[in-house]
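Take a look at the letters that make up each chain.
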Amino acid sequence: MIDMNDMNKRLKEIEREIEDYQTECKHKNQIIKTVKIGDTRWVCDKCQKALSWPTPKELNKFFDKK
Ligand SMILES: [Zn+2]
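Presented here is an overview of the structure given in this document. All values reported here derive from a predicted model rather than from experimental measurement.

### Let's talk about the overall build of the chain
Secondary structure assignment for the chain yields two helices and three strands. Along the chain, helices (α) and strands (β) appear in the sequence α-β-β-β-α when read from the amino end. Relative to the compact-globule value of 11 Å for 66 residues, the chain shows a C-alpha radius of gyration of 16 Å, a clear excess of over 25%. If one aligns the C-alpha atoms of the chain with their principal axes, the spans along those axes are about 50 × 25 × 15 Å. Burial analysis of the chain (66 residues in total) assigns 2% to the buried set.

Quick look at the structure:
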């Protein structure tokens, strides 16, 4: 049996760990990535944090590669 309270507690702990990791990270290596449909961002290659919006020029370059 899955205890949802326990699952949610674990999820919260993992979310906090990710947050801490992203706070510590210097985001040295950034890549353009589609986070979800219609949402393409500069994302840190290491911690996966969505950082900033690419310029239209950068977006064109990104989509051309595909
Ligand atoms: Zn990072």
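### Observations concerning helix 1 (residues 4–24)
For helix 1, which comprises 21 residues, the first-to-last C-alpha distance of 30 Å matches the rise-based estimate of 30 Å (1.5 Å per residue) to within 8%. Taken across its 21 residues, helix 1 has zero buried, putting it largely on the surface.

### So, the sheet that holds strand 3 (residues 50–52)
Strand order across the open sheet formed by three strands is 1-2-3, with antiparallel pairing between neighbours. Pairing within the sheet leaves two strands with one partner each, and these edge strands are strand 1 (30–36) and strand 3. For this sheet, the mean inter-axis angle between neighbouring strands, taken without regard to orientation, is 60 degrees. In terms of strand pairing, strand 2 (residues 39–44) meets strand 3 through two bridges, oriented antiparallel. Within the sheet, the bridge partner assigned to Val-43 lies in strand 3 and is Ala-50.

Reading guide: rules and limits
Residues numbered from 1 in each chain as written. Predicted model: local features only at pLDDT ≥ 70, side-chain atom pairs only at ≥ 80, totals over all residues. Helix = DSSP H or I, 4+ residues; strand = E, 2+ residues; numbered from the N terminus. Rg over C-alpha atoms; globule rule 2.2 N^0.38 Å. Buried ≥ 20, exposed ≤ 12 C-beta atoms within 10 Å, placed from the backbone. Expected span 1.5 Å × (residues − 1). Pairing = 2+ DSSP bridges. Axes fitted to C-alpha atoms, helices over the stretch in contact; angles between N-to-C directions.

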